[in-house]
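Understanding the architecture of this molecule
Residues per chain, in single letters:
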Amino acid sequence: MLYVPNCSGGSFADIQGSHEGVRPPTGELGTELLGAVHPSYGGYTEVIASTRAESFGVLINFNNRWVSANHLFGAVDIAIGAVGQEIVIIPNLMYGPVSSYGPGQGYWYYFPIKVPAGSRISARHTLNNITNNTLRMVLRLLQKPSDGTSVKAATFVESIGATLPTGTNFTPGTTLKGAWTLLGAATRKVWWWQVGVKVASGDTNHVNATAYIDLAVGDASQKHIVLRDHLLNIASTEVSVNRPQIVGSECAVPAGTNVYVRGQSSGTAETYAAVAYAAGG
């Protein structure tokens with residue numbers, strides 16, 4: 001008798017990866033994105049030619065752009081659409097100096113965003129300087145949910161606090177969480193949160209540290225934390241890892257809501273830069 005697995009116990013029965021069909025490498029993984037110095041962008045690079053099913057979530061990894069005693073960083077737009085007709089669905093994904101691909105390495109993001117079946121996915125890249133001007137990116141798309149009617153998926157992502165190709169500067173605390181810094185306001189009603197963090201732009205001598213990062217919404221006197229203790233690891237070789245404790249968090253807020261960031265570092269406090277990402281629709 002043929003055994004037919006029951007996939008209803010999990011959320012999704014299939015995951016489509018941008019690296020499918022490629023022999024596992026050592027040190028780097030994913031599509032190579034050629035960048036240009038901001039305000040220019042490299043051209044759109046195809047990452048997935050066609051999604052084989054409707055997708056309800058996108059997991060993203062950036063890896064393999066760092067040089068010791070330098071500070072390499074940038075931002076990536078992810079788009080769908082035919083060549084010359086790209087529509088950005090995830091904008092201004094900031095990264096800091098990222099090491100080779102490996103368990104827990106690189107900059108990670110997750111968004112519960114819907115991508116139609118048959119979509120071409122591409123990305124473009126802007127960066128701070130031409131040194132080592134390529135970045136590797138991996139996408140994994142969640143497909144075939146056990147109950148598509150119960151899966152909540154966004155239709156857009158907006159960035160809050162991006163000052164391309166970096167973010168908004170803030171200073172973390174050491175023995176306590178630092179003061180809240182305003183990143184900006186959501187322009188639309190949103191309900192899903194992620195954050196990207198790195199050392200501030202001018203710093204080429206990073207201090208070994210682990211940092212916790214909080215995001216909050218509210219005003220000058222009252223704040224509600226929507227993402228708590230997001231993890232940032234920094235090495236003195238000018239490599240960092242944006243490593244969420246969870247893949248994101250859900251908290252619905254109306255358009256015009258202010259968004260704040262704060263942090264706490266295990267080492268000497270350096271200035272960091274942050275961008276909040278909010279999904280809605």
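Structural notes, computed from the coordinates. (Residues numbered from 1 in each chain as written. Predicted model: local features only at pLDDT ≥ 70, side-chain atom pairs only at ≥ 80, totals over all residues. Heavy atoms only, no water.)

Section: the environment of L215
Convention followed: Helix and strand labels come from DSSP, where a helix needs a run of H or I of at least four residues and a strand needs a run of E of at least two; each type is numbered from the N terminus. When a residue's accessible area, from a 1.4 Å probe over protein chains only, is under 20% of the maximum for its type it is buried; when over 50% it is exposed; and in between it is partly exposed.
Inspection of the secondary structure puts L215 in strand β15 (residues 209-218). Residue L215 is classed as buried on the basis of its relative accessible area of 0%. Along the backbone, L215 and F56 are 159 residues apart, and their C-alpha atoms lie at a distance of 24 Å.

A closer look at the packing of aromatic side chains
One pair of aromatic rings is described through two measures. These are the centre distance and the angle between the planes. The cut-off we apply is this: Any two rings among Phe, Tyr and Trp, with Trp reduced to its six-membered ring, count as a pair given centres within 6.5 Å; such a pair is stacked if its planes are under 30 degrees apart, edge-to-face if over 60, and tilted if neither. Consider the ring centre and the ring normal. A charge sits over the ring if Lys NZ or Arg CZ is within 6 Å of that centre and within 35 degrees of that normal.
Enumeration according to the criterion identifies nine aromatic pairs in this entry. Between Y110 and W192 the ring centres are 6.1 Å apart and the planes differ by 75°, which places this aromatic pair in the edge-to-face class. One end of the pair, Y110, is in strand β8 (residues 107-111); the other, W192, is in strand β14 (residues 190-199), and 82 residues separate them in sequence. Given the relative accessible area of 12%, Y110 is considered buried. Residue classification places W192 among the buried positions, given a relative accessible area of 10%. Taking NZ or CZ as reference, R188 lies 3.6 Å from the ring centre of F156, over its face. K198 extends its terminal NZ or CZ atom over the ring of F73, reaching a point 3.8 Å from the ring centre.

Overview of the side chain of R262
Threshold: Pairs of N or O atoms within 3.5 Å make up the polar contacts considered here, provided that, within protein, one atom can donate a hydrogen while the other can accept it, and that residues adjacent in sequence are counted only when both atoms are side-chain atoms. For this analysis, residues touch if any pair of their heavy atoms sits within 4.5 Å.
Within the element layout of this structure, R262 appears in strand β19 (residues 258-265). Of the polar contacts made by the side chain of R262, one reaches the side chain of D214; its length is 3.0 Å. Those residues in contact with R262 that sit more than four places away from it in its chain are F170, K177, G178, A179, W180, Y212, I213, D214 and I225.

Side note on the nonpolar core
Put simply, the rule reads: Residues belong to a common nonpolar core when they are buried Ala, Val, Leu, Ile, Met, Phe, Trp, Tyr or Cys residues joined through side-chain atoms within 4.5 Å.
Formed by 63 residues in total, the largest nonpolar core has its most connected members in I60 and W193. In contact with W193, not counting residues within four places along its chain, are I160, L215, V217, V226, L227, G248, S249, C251, V253, V259, Y277 and A278.

What to know about unusual backbone geometry
Residues apart from glycine generally show negative phi values, whereas peptide bonds are mostly found in trans. That bond from H38 to P39 is cis: its omega, 15°, falls within 30 degrees of zero. Along the chain, L164 connects to P165 via a cis peptide bond; the corresponding omega equals 5°. Not every positive phi belongs to a glycine, and N132 is a case in point at roughly 45°. Note that N132 resides in the loop between β9 (121-127) and β10 (134-145). Judged by relative accessible area, N132 falls into the partly exposed class, the value being 33%.

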